[in-house]
Amino acid sequence: MTKRHRAAQLAVVPLLAGVGLVGPAASAVAAPAPGAVKAATAGTELYVSRRDCKPAGDGSEAAPYCTIGAALAVVQPGQTVLVQSGDYSEKVTVTRSGTQSAPIKVRAVNTSRGIVRIGHYTLSGTPLTISGVHDVVVEGFTLAGRGDAVPVLVSGAQRITLDGIAANGVGGLPAVRVTGSSSDVVVSRGWFTGSGAGATGVAVEAGVSGATVTASTFSKSRVAVTDAPGARITGNTVVTDCATGIVVAGTSTGASIRNNILRTGAGPVPEPVACAEPTTAPAISVSAAASGDAEADHNLVDSASGSAVYRWGDTDHADLASFRAATGQGGHDILAPARLGEKRGTERGWFPLTAASPAVDSADATAPGTTRTDLLDNAHADSPDVPNTGTGNGYHDRGAVELQGGRTVSGSGVQSKPGGSSLDYTDPLTVTHAWPIDGPVGKVARRFSNDRYYRVGPIEPAVGQLLRAGAACVDNDVRFDNFRVVPPSVPVQLSGDCAVLGAMFTPVAPTRLLDTRAAVGIGTTVPVAANSEIVLPIMSINGVAASNITAVVLNVTVTQPTTPGFLTVYPDGTTAPQSSSVNFVAGETVPNLVTVPMSNGNLRIRNSAGGTVHVVADLQGFYSGFGDGFKPLPPTRVLDSRANGDTPIPANSYRVLDLSGRVPSGAKAVVLNVTVTQPTATGVLTAYPAGSSVPTASNLNFVAGQTIPNLVTVPVVNGRLVLQNLSSGTTHVLADLAGWYGTGATDGFVPYGPQRVLDTRSGFRGSKLAPFSSIDLLVPYLDPNGNDDTPKPTALVANLTVTAPTAGGVLTGHPRGEVPPAASNVNFLAGETASNAAVVRVGANGYVTLFNNSGGSTDVLVDQAGHFIATTP
């Protein structure tokens, strides 16, 4: 096993009042009470996912509900229920209302990976019921049922929108039934099918007022309005098999029928033929009671059926001339082949326009009930090959689907977004169009690194923020069919490059988080058992939640070990790495600075020894999206109390170290490798900012005659800090400056470990170092794209370990290509294992050099915690 500092093996390590080897016990400030649970906070979105839900979920992205019904039981006005793809074998009833300014939205998140279905062929009854509520929007669902009830029922409801619904009416039942004194119900962008003669896609029944059916496609089904005043039937594509396409019956006064395409012939959609019984298939039928104030215009009626264009009151009009003469309506109607394309999609289908269709650029853009986008959620496009004969902007198409021109998608990939948090990013995704358009075209299902689920929205740039430093990636699934074909026939999937974002540092006054001797940070004073772990919770620091903390910097001290071994500090929820954080021998007290990534707010400290050990952890700072960047420097000796007639630090005294000539005025903290040598008594050395009181925490623990280093990150005031000797004897101190944090420093920290990146014992990336020789180490770095185009490391953050040296000496890390400096990182004696944390500036071609300044050979291990990268402020 390991052996460290022979003098330390004989040291007695009592708990001394005020001068204890690891400082007196103090209360933890960052750890929550054991068992404390933070209640979930309601947001604007509730999540439902049958694939990865939580039985006791709260509807958050991390703990979604398992059923739609569970979300609808608690949804509030202004909230959106996001239902992830899958089959939900349940009958859904909306029982809660929104407000006019804050409606409740229930949205199916359809993507290329799947759609959302409600119901099941084994379930009887209506799959979706909206009854007695108001101000509700339901979007994108596909309804499945047994066929014994209507798939969608809206009854006694007000201000309801059914958008993008797909349903099939069977057995004489409509796909959607609106009834029971409902008002202001909008059915838009739907796909409605039926079976049997006279099948109905949407039935608007007696007592309903102000209903709108728009931008929907009907296949072998029709729109039927009965005794329902104020109906608007606009921009639909209705394809029947020798049956009437739009029926306005009874006292449905004030109806508006505009911009629809009606193909009521027989045979294939693109090439229909005449009906065997033409009298059964007038395109539009309006009752006598409704015809007095009904309006019809800008409709396109396919002429192939041989049927009447209109049945207006009791009269069939075989052509437009007679209809216009008799009613004064239909002045812009067209009777001609509709020239629809073959059906696209399956459960969520549509009929596209061909370029030769007279529907192109000929609709009334101002018609009541006109939607901003078409059935595929694409804006209106102006074909350069067709004259604009419509009203308004002149280039709306008739029917449910707009003819589109070519388009080019570009810019997919994540980029750093300067000016705010260092973890802000942008995805500059854009789409350009060959034709003029009046709004957005296409959708993107986008998922950033932080997202569990895809978010569907328009194709446009988006911004986000990483919770923790690392790779910010995006998966963009771009579609121009609103995800109606699954899987897509022509996908445009653009994952794009990732960006690597670094975190900034916030120093804190040294704060004790853990002391197993005094039950600080843990509920017992029992030492850590052999080959076991303890968990250290860190839920927040300075008001920053653990979820937003990239890494913490801790001074971890081992004391009272009963056998040799080592500690490994690593993030909870990950596999214990094959690396070490602190090496020790029996009876020794030894500290080391540890930079450890955060995962879920808990850190694990593993004792890999055959005996027990007490552990103390003092917080030095943390990395997050806000704070200060780092400026790495070549290692420079800034203090050596042995040199030039200087004197050691007296007992229980201090030395002020003024670095104002070494770091700029904006420096807020410095990184030093501090070494104690030739102490005449046992004690501790503590570094802290000038002008502050002596903290409880410690940085170095030593015994008489020992030489021991430790990396220190300490705040400075005007470039000044204090080195306090808490012992009854004198000691010499050396300090080597590795860099500084503060205004003007821009390098950010990227966690990349803990991982072993060099082990000369096994020949992993190098072999044993000969006397006064060196080894070059190519610094591993995060490269999520795998094409070497991400930022290269500017400094390595690692634990350096010397083992089995044949003579005493020092190990120094420095940038490759530079002369070894008069500085050190690890001090060692012959035969011992010694380690120390280091921050080493990266040199030529991404390498650091490790120099064995010793007359003997030695093995070297490097355990990487991460690296720094240049960032854009």
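The structure displayed is predicted, hence computed values, not measured ones.

Attention shifts here to the overall build of the chain. Helix and strand content of the chain: three helices and 67 strands. A compact globule built from 873 residues should have a C-alpha radius of gyration of about 29 Å, whereas the chain, at 37 Å, is more than 25% larger. Across its three principal axes, the chain shows a C-alpha extent of roughly 115 × 50 × 45 Å. Each of the 873 residues in the chain was classed as buried or not, and the buried ones make up 58%. Contacts in the chain between residues at least 24 apart in sequence constitute 74% of all its contacts with a sequence separation of at least 6.

Counted according to the given criterion, the structure contains three disulfides. Sulfur-sulfur distance for the disulfide between Cys53 and Cys66 comes to 2.1 Å. In this structure the cystine formed by Cys53 and Cys66 twists about its S-S bond by roughly 90 degrees; its chirality is therefore right-handed. Residue Cys53 is located in the loop between β1 (45–48) and α1 (68–72), and its partner Cys66 is located in the loop between β1 and α1; the two are separated by 13 residues in the primary sequence.

Our next topic: the pattern of salt bridges. Pairing is possible between side chains that carry opposite charge, provided their charged atoms lie close to one another. Per the stated rule, a full pass over the model turns up 32 salt bridges. Residue Asp316 is joined to Arg311 by a salt bridge in which the shortest nitrogen-to-oxygen separation is 2.6 Å. Owing to a relative accessible area of 39%, Asp316 belongs among the partly exposed residues under this scheme. Of the charged contacts, one joins Asp646 and Arg655 as a salt bridge, the two residues approaching to 3.2 Å between their closest N and O atoms. With a relative accessible area of 30%, Asp646 lands in the partly exposed category. Taking the relative accessible area as the measure of exposure, Arg655 reaches 19% and is therefore buried. The network of salt bridges with common partners includes Arg512, Asp515, Arg517 and Asp618.

Another aspect to go through is the sheet that holds strand β67 (residues 859–869). Two strands in a sheet stick together by hydrogen bonds in their backbones, pointing the same way (parallel) or opposite ways (antiparallel). Reading across the sheet, the four strands line up as β60-β67-β62-β65 and stay open at both edges, with antiparallel pairing between neighbours. For this open sheet the edge positions go to β60 (748–759) and β65 (834–841), each flanked by a neighbour on one side alone. In this sheet, adjacent strand axes meet at a mean angle of 20 degrees when their direction is disregarded. Summarising the sheet, β60 and β67 pair through eight bridges and their orientation is antiparallel. Each residue of the ladder has a partner; that of Val750, found in β67, is His867.

Further remarks concern the sheet that holds strand β46 (residues 551–559). Spatially, β42-β51-β46-β49 is the arrangement adopted by the four strands of the open sheet, whose pairing is antiparallel. Edge strands, defined here as strands with exactly one partner in the open sheet, are β42 (504–515) and β49 (590–597). On average, each strand axis in the sheet is tilted by 20 degrees relative to the strand beside it, whichever way the strands run. Sheet topology note: the β42/strand β51 (residues 614–624) ladder contains eight bridges and is antiparallel. Within β51, the residue paired with Met504 across the bridge is Ser624.

Residues Ile130 and Phe141 are the most contacted members of the largest nonpolar core, which totals 66 residues. Not counting residues within four places of it along the chain, the set of residues in contact with Ile130 comprises Val94, Val138, Leu153, Val154, Ser155, Ala157, Ile160 and Leu162. Formed by 58 residues, the second largest nonpolar core is a distinct cluster that contains Ile549, Val582, Leu619 and Leu723.

The next thing to look at is unusual backbone geometry. Cis geometry marks the peptide bond from Gly753 to Pro754; its omega dihedral reads 5 degrees. Along the chain, Pro754 falls in strand β60. Residue Ser181 is not a glycine yet carries a positive backbone phi of 60 degrees. Here Ser181 lies in the loop between β13 (176–179) and β14 (183–188). Although it is not a glycine, Asn542 sits at a positive phi angle of roughly 50 degrees. Its relative accessible area of 60% is what places Asn542 among the exposed residues.

With that out of the way, let us pick up the packing of aromatic side chains. Summed over the entire model, instances satisfying the criterion amount to 16 aromatic pairs. Look at Tyr310 and Trp312: their rings are 5.8 Å apart centre to centre, the planes differ by 75 degrees, and that puts the pair in the edge-to-face class. Centre to centre, the rings of Tyr310 and Phe323 are 3.7 Å apart; their planes meet at 10 degrees, and the pair counts as stacked. On the criterion of sequence distance, the pair formed by Tyr310 in strand β28 (residues 310–312) and Phe323 in helix α3 (residues 320–327) is long-range, its members being 13 residues apart. In this structure, Tyr310 and Phe323 share a single accessibility class: buried.

Before going further, it helps to examine the confidence of the model for the chain. Residue-level pLDDT values for the chain average 91, and 94% of them are 70 or greater. The model gives residues 1–41 a pLDDT under 50, and that stretch makes 102 contacts with residues more than four places away or in other chains.

Criteria and thresholds
- Residues numbered from 1 in each chain as written.
- Predicted model: local features only at pLDDT ≥ 70, side-chain atom pairs only at ≥ 80, totals over all residues.
- Heavy atoms only, no water.
- Helix = DSSP H or I, 4+ residues; strand = E, 2+ residues; numbered from the N terminus.
- Rg over C-alpha atoms; globule rule 2.2 N^0.38 Å.
- Buried < 20%, exposed > 50% of the residue type's maximum accessible area, 1.4 Å probe, protein only.
- Contact = heavy atoms within 4.5 Å.
- Disulfide = S-S within 2.5 Å.
- Salt bridge = Lys/Arg side-chain N within 4 Å of Asp/Glu carboxyl O.
- Pairing = 2+ DSSP bridges.
- Axes fitted to C-alpha atoms, helices over the stretch in contact; angles between N-to-C directions.
- Core = buried A, V, L, I, M, F, W, Y, C linked by side-chain atoms within 4.5 Å.
- Phe/Tyr/Trp six-rings, centres within 6.5 Å; stacked < 30°, edge-to-face > 60°.
- pLDDT = per-residue confidence, 0-100.

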